[in-house]
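# An overview of the molecular structure
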Amino acid sequence: ADGDEVTVELAPRMRVDAAGAPKVSRWQTIAFCVSPQRKAKRDGALADEYDAQAARRAAAAARVEADRRAENARKGASVRRVVGPQLPDRTAVHEALHEDWFAMAKHRVVETLVQDPEEQHLVKSVLLAHYVQLDELFKTYAAERNDDARSG
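Structure report, in brief.

## Some points on a negative patch on the surface
The grouping of Asp89, Glu95, Glu99 and Asp100 at the surface amounts to a negative patch. Within the secondary structure layout, Asp89 lies in the loop between helix H2 (39-83) and helix H3 (90-106).

Here's what the structure looks like:
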């Protein structure tokens, strides 16, 4: 359109090959090799440019992903420092289950519900896997029931 301007910055030196012919950059090839005789060269330069752009996008995406992972790791470490002391200790969980299991065995609850010793072992491993959640559930209902008893 009328009044449009184009600014062209010239390099202070022109790169040349061993024969003294100017070396043409990829963008120059894409911009100026428009004749049918130079189509193959231009198409090659375009393909190289698309590959280079894709590589830059992939590198940028990898940097973003690495930054995201680093930030998540930093946040995770921070949360673990804060929450860590509040989390149940595995040894304490094993000991608590062992005490509860012993009490159930003492009152023959386990044998009444599950006669086969192998199945008892499987039940115990399932309880261990969910012991913390079961313990929290029990505490919640026990506290709720205790509140009902006080208010009633």
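Having seen it, we continue.
## Quick notes on the packing of aromatic side chains
Tallying each qualifying case throughout the model produces one aromatic pair. Ring geometry for Trp27 versus Phe32: centroids 6.2 Å apart, planes at 55 degrees, classification tilted. The pair Trp27 / Phe32 is uniform in exposure class, with both members exposed.

## Thoughts on the pattern of salt bridges
Per the stated rule, a full pass over the model turns up eight salt bridges. Residue Arg68 is joined to Glu65 by a salt bridge in which the shortest nitrogen-to-oxygen separation is 2.5 Å. Here Arg68 pairs with Glu65, and both are found in helix H2, just three residues apart, close to one helical turn. Taking the relative accessible area as the measure of exposure, Glu65 reaches 27% and is therefore partly exposed. Across the salt bridge formed by Lys139 and Asp135, the nearest N and O atoms sit 3.1 Å from each other. Of this pair, Lys139 and Asp135 both sit in helix H6 (residues 131-151), separated by four residues, roughly a single helical turn. Accessibility expressed as a relative area gives 45% for Lys139, which makes it partly exposed. When its relative accessible area of 24% is taken as the criterion, Asp135 is described as partly exposed.

## Comments concerning the packing of H3 against helix H5 (residues 117-129)
Contact geometry for H3 and H5: axes closest at 11 Å, N-to-C directions at 140 degrees. As judged from the angle between their axes, H3 and H5 are oblique. For the pair H3 and H5, the sense of crossing is right-handed. Judged by residue contacts, Val93, His94, Leu97, His98, Trp101 and Met104 of H3 engage Gln120, Val123, Lys124, Leu127 and Leu128 from H5. Looking at the contact of H3 with H5, its residues break down into seven nonpolar, three polar and one charged.

## Notes on the side chain of Gln120
With respect to the helices, strands and loops of the structure, Gln120 is situated in helix H5. Taking the relative accessible area as the measure of exposure, Gln120 reaches 16% and is therefore buried. Looking at Gln120, its side chain comes within polar contact range of the main-chain oxygen of Val114, at 2.7 Å.

About the thresholds
- Residues numbered from 1 in each chain as written.
- Predicted model: local features only at pLDDT ≥ 70, side-chain atom pairs only at ≥ 80, totals over all residues.
- Heavy atoms only, no water.
- Patch = residues over 30% accessible without salt bridge, like charges linked within 9 Å, V, L, I, M, F, W, Y side chains within 5 Å.
- Areas by Shrake-Rupley, 256 points an atom, 1.4 Å probe, with all protein chains shown as cover.
- Salt bridge = Lys/Arg side-chain N within 4 Å of Asp/Glu carboxyl O.
- Lys, Arg positive; Asp, Glu negative; His and termini not counted.
- Charge placed at Lys NZ, Arg CZ, Asp CG, Glu CD.
- Helix = DSSP H or I, 4+ residues; strand = E, 2+ residues; numbered from the N terminus.
- Phe/Tyr/Trp six-rings, centres within 6.5 Å; stacked < 30°, edge-to-face > 60°.
- Buried < 20%, exposed > 50% of the residue type's maximum accessible area, 1.4 Å probe, protein only.
- Axes fitted to C-alpha atoms, helices over the stretch in contact; angles between N-to-C directions.
- Parallel < 35°, antiparallel > 145°, perpendicular 65-115°, else oblique.
- Left-handed = near helix turned anticlockwise from the far one by under 90°.
- Contact = heavy atoms within 4.5 Å.
- Nonpolar A, V, L, I, M, F, W, Y, C, P; charged D, E, K, R; others polar.
- Polar contact = N/O pair within 3.5 Å; in protein donor to acceptor, adjacent residues only side chain to side chain.

What is shown is where atoms sit, not what they do.
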